[in-house]
Amino acid sequence: MTVAFFLNEKTPYVGDTSNVLLDWLIIIGGFTLLLGVVSILRVSAQAIQRKKEGWPFKIATIASVLVMAIPSLLPVSWSPLFGRFEGSIYDWVFVNLQAPMMATMFATLAFYIASAAFRAFRARTAEATLLLLTATIVMFWRVPIGEAFLNLFPGDLPYFINKFIMNGANLAVQRGIIIGAALGAAALSLRIILGIERTYMGRG
Amino acid sequence: MSFWKKFNDMDRRWVYLMVAVTVIIPFLIPMKFPVSVSPEARNFFNAVDSLPDSSVVMLVFDYYPSTIAECEPMAIAGAYHLFKKHCKIITLSNIPYGGPSMAESVTRRIAAELGKEYGKDFVNLGYKYGYVSVLKGMGVSIESIFPTDNRGTPLSELPLMNTVKNYEQVKFVFEIADNATADYWVSIVNAGYGVPMGVGCTAVMAPKFYAFYGAGQIVGLLGGMKGAAEYEILLEKPGTAFRGMDIQSLVHFLIIGLVIMGNIGYFVTKRGKRKTL
Amino acid sequence: MSGIEILQIWIIAFFTLALFSFLYKDNPFYKLAENIFAGLTAGYQVGLIWDTIIIQKMWDPMVSGDKWWMFIPGILGLLMFSRFFSKYSWISRIPLAVVMGVTSGVFLTTQLHGLVLPQMQSTMLALWGNQDFVASLLAVVTIVGVISTLVYFYFSAEHTGILGGTAKVGIWFIMISFGAHFGYTVMGRVSLLIGRVQFLIEDWLGSFRHIF
């Protein structure tokens, strides 16, 4: 894959081989996702068998997996309720159950962040005070009334915030983090290719 | 002194209740505060607006249903803008949970409104596992990665895909993401194949993308619901994001107020402790 | 609004409120919703992988004769399931090695070419001779910020002397960036809540009008 980067993708053998490997990655990765499904079924079945705490809810878990999985595997030609597309059980359950529940799970974070900000956000040190002040200014700047409030002060504060905080200090730090993380990822990739790093296989 | 201690030790469920009430109020009393447009959103809009008619654009749905409130308004505004400009849209997703379904729902709805035809004006490629393979593979041949569209129709049967083989025919990538796949679009597609792109992302991710915007790797940036509202304003089609800014305003003020009160309480109780010592 | 649509809205509202009820206290409704959600998420994968990967990427190319060798990655994928049998779990290292090898090969070049080089290039800014004073000031802020941030995260040497001073400057820049990040995060989380409350007020409470 590394050699293929430096060669034209239409190069015989190398170009073709890299495309084939990319296809293989998609297929192997797909089977890896199915591992998670088998795992959740195993764990839930064990919890029911051993009557662990909350075991009746594990019946709901297994039932949910089967309700989603089985109709999606059956051919659409048998019934429009089967398959994955609009009008199927799979699509109905996704749109009316899974997607709203996923959205709700994340929506509760708004409450937690408000509570965390109230209880833990303290100006204990100079650095913490700077973080607090910047957060407050940005929270004002990102909403209409806040921006109107900032415009009451002399000078073009919203312009200053955008130019020097977001496109200035923030940009510089994020750039530093991106460069550092990318160098780390490249170094790790080299270590894996050279066989120095084998922790992903479960040994040092 | 005891008031501040009691206030700081308040059960967190009272904070939850305050947030809930603050979110509900603007639904009962709409306020419609004016929304200003940032340079990042304006540049994004101008980049799409300056595309020649009939340009092929990839509209990428790389977000989970959990962030639909932030990302879907961007997708709707983007699809509307692109269809109005008679661009040909190829949608795809690197997100297994509903990416293709969301792409179908948004594009078909807007296409029906503007009289666009599936297969000729837009195509939904669906999802394939392994975004690294997908992004690199499409550089050689889109058909090698997506042999059929999301519904199983071979690409050779779709008139639009007969003219688009790989990134060379794609004029712009309109990426909407709530996760790190946006980084890979930038590092693999933009850096490797030179396809111009703009990113609409959740507010959590937006600060990071200022670095890509500053480096010219993306032409514009829409950050969170505010970014979506800005695009709606530029499109002169205010939607759910614009309406949501009222509520954002009030909740932000609530949280700022709580943080200030919490800090006042902290310093007052800390001074009280020092005096008793 | 038809009866089916109203039923759909009420089902969504039930599970939404069940999940929100955790904010007050853990309860059986929340546990039920949570377990159903976990099951649906897992079950969703099955249909998707079967259709988009096993049929479209593997079976159809094999059967059509174009890519008869596609059974090989299929076998490699099946070998991943050996992880469930402790005696044979070592076999799963083979497909894992293929995945890690391909991904590492791609990352080695794309991370450097796509991220490091463009970001470094745009940091090499002129400190004077710019169009105006603001541009020059911004260039100074950017260069000092990038260098001090990189120095702060360099832990191979002790942060003393010049290195320590630069790292200290880096901390200040990082605090500003993380403050901005927190502000944006609050905005992001609130947006997600707005979406759900919008549904509860407009769709669910709106359905009462159609029922009564």
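Parameters and conventions
Residues numbered from 1 in each chain as written. Chains lettered and ligands numbered in written order. Predicted model: local features only at pLDDT ≥ 70, side-chain atom pairs only at ≥ 80, totals over all residues. Heavy atoms only, no water. Helix = DSSP H or I, 4+ residues; strand = E, 2+ residues; numbered from the N terminus. Rg over C-alpha atoms; globule rule 2.2 N^0.38 Å. Buried < 20%, exposed > 50% of the residue type's maximum accessible area, 1.4 Å probe, protein only. Pairing = 2+ DSSP bridges. Right-handed = clockwise from strand over helix to strand, strands pointing away. Core = buried A, V, L, I, M, F, W, Y, C linked by side-chain atoms within 4.5 Å. Contact = heavy atoms within 4.5 Å. Buried area = accessible area lost by both parts, 1.4 Å probe. Salt bridge = Lys/Arg side-chain N within 4 Å of Asp/Glu carboxyl O. Polar contact = N/O pair within 3.5 Å; in protein donor to acceptor, adjacent residues only side chain to side chain. Lys, Arg positive; Asp, Glu negative; His and termini not counted. Domains from an automatic or database assignment. Expected span 1.5 Å × (residues − 1). Axes fitted to C-alpha atoms, helices over the stretch in contact; angles between N-to-C directions. Parallel < 35°, antiparallel > 145°, perpendicular 65-115°, else oblique. Left-handed = near helix turned anticlockwise from the far one by under 90°. Nonpolar A, V, L, I, M, F, W, Y, C, P; charged D, E, K, R; others polar.

Caption draft 1: Representation of the overall build of chain C within the structure. Helix and strand counts for chain C come out as six helices and zero strands. Helices and strands in chain C line up, N terminus first, as α-α-α-α-α-α. Radius of gyration (C-alpha) of chain C: 28 Å, far over the 17 Å computed for a compact globule of 212 residues. Overall, chain C is about 70 × 60 × 40 Å in size when its C-alpha atoms are taken along their principal axes. Residues classed as buried in chain C amount to 50% of the 212 residues present.

Caption draft 2: Region of interest: the pairing of strand 1 (residues 56-62) of chain B. All names here are of chain B. In terms of residue burial, strand 1 counts as a mostly covered element, since seven of its seven residues are buried. On strand 1, burial covers both faces: Val-56, Met-58, Val-60 and Asp-62 on one face and Val-57, Leu-59 and Phe-61 on the other are all buried. Of the strand pairs in this sheet, strand 1 and strand 2 (residues 88-93) are connected by five bridges, and their pairing is parallel. When the sheet's bridge partners are listed, Val-60 is paired in strand 2 with Leu-92. Following the chain from strand 1 across helix 4 (residues 68-84) to the adjacent parallel strand 2, one finds a crossover that is right-handed. Relative to strand 4 (residues 172-177), strand 1 runs parallel, the two sharing six bridges.

Caption draft 3: Expanded view of the nonpolar core. In terms of nonpolar packing, the biggest core is built from 172 residues, with Met-58, Met-138, Met-161, Phe-174 and Trp-185 of chain B touching the most fellow members. The biggest single contributor to this core is helix 6 (residues 161-211) of chain C, with 13 residues. With near-sequence residues (within four places) excluded, Met-161 of chain B lies in contact with Ile-90, Val-123, Leu-125, Ile-142 and Leu-155 of chain B. Counting 21 residues, the second-largest nonpolar core is a separate cluster that includes Val-93, Met-101 and Met-102 of chain A together with Ala-18 of chain C.

Caption draft 4: Up close: the interface of chain A and chain C. Of the residues lining the interface, 99 residues belong to chain A; the matching set on chain C comes to 106 residues. For the pair chain A and chain C, the summed buried area comes to about 9700 Å², and 80% of that belongs to carbon and sulfur atoms. The interface formed by chain A and chain C includes four salt bridges. Across the pair Arg-84 of chain A and Asp-51 of chain C runs a salt bridge, and its minimum N-O distance is 2.8 Å. In this structure, the connection of chain A to chain C is made through 16 residue pairs in polar contact (both at pLDDT 80 or more). Contributions of two or more residues to the side of chain A that touches chain C are made by helix 1 (2-6), helix 2 (14-49), helix 3 (55-73), helix 4 (89-120), helix 5 (126-141) and helix 7 (157-193) of chain A.

Caption draft 5: Main features of the side chain of Asp-62 of chain B. Residue and element names in this part refer to chain B. Within the secondary structure, Asp-62 sits in strand 1. As a buried residue without a salt bridge, Asp-62 has its nearest oppositely charged side chain in Lys-208, at a separation of 13 Å. If we skip the residues at most four places from it in the chain, Asp-62 touches Ser-93, Asn-94, Ile-95, Glu-175, Ile-176, Ala-177, Asp-178, Asn-179, Thr-181 and Trp-185.

Caption draft 6: Quick look at the pairing of strand 5 (residues 197-201) of chain B. Residues and elements named next belong to chain B. Of all five residues in strand 5, five are buried, a share of seventy percent or more. Burial of strand 5 is two-sided: the residues Met-197, Val-199 and Cys-201 facing one way and the residues Gly-198 and Gly-200 facing the other way are all buried. By the bridge criterion, five bridges tie strand 4 to strand 5 in an arrangement that is parallel. Opposite Ile-176, over in strand 5, you have Gly-200 as the bridge partner. Between the parallel pair strand 4 and strand 5, the chain is carried across by helix 8 (residues 181-193), and the sense of this crossover is right-handed. Taken together, the three bridges between strand 5 and strand 6 (residues 221-223) define a ladder with parallel strand orientation. Bridging from a neighbouring strand, Val-199 pairs with Leu-221 of strand 6. In this fold, strand 5 hands off to helix 9 (residues 206-214), which returns the chain to strand 6; that crossover is right-handed.

Caption draft 7: Seen up close, the domain arrangement of chain A. Along its sequence, chain A is organised into domain 1 (2-105) and domain 2 (110-201). The C-alpha centroid of domain 2 of chain A is placed 34 Å from the C-alpha centroid of domain 1 of chain A.

Caption draft 8: Up close: helix 4 of chain B. Residues and elements named next belong to chain B. A rise of 1.5 Å per residue sets the reference length of helix 4, with its 17 residues, at 24 Å; its end C-alpha atoms lie 23 Å apart and thus fit the reference within 8%. In terms of burial, helix 4 is a largely internal element, 14 of the 17 residues being buried. Just downstream of helix 4, His-86 is the residue with a positive phi angle, here 60°.

Caption draft 9: Seen up close, the packing of helix 7 of chain A against helix 4 (residues 93-123) of chain C. Viewed as axis vectors pointing N to C, helix 7 of chain A and helix 4 of chain C meet at an angle of 150°, and their least axial separation amounts to 8 Å. On the basis of the axis angle, helix 7 of chain A is roughly antiparallel to helix 4 of chain C. Our pair here, helix 7 of chain A against helix 4 of chain C, has a crossing hand that is left-handed. For the contact of helix 7 of chain A with helix 4 of chain C, the class distribution of residues is 16 nonpolar, seven polar and one charged.

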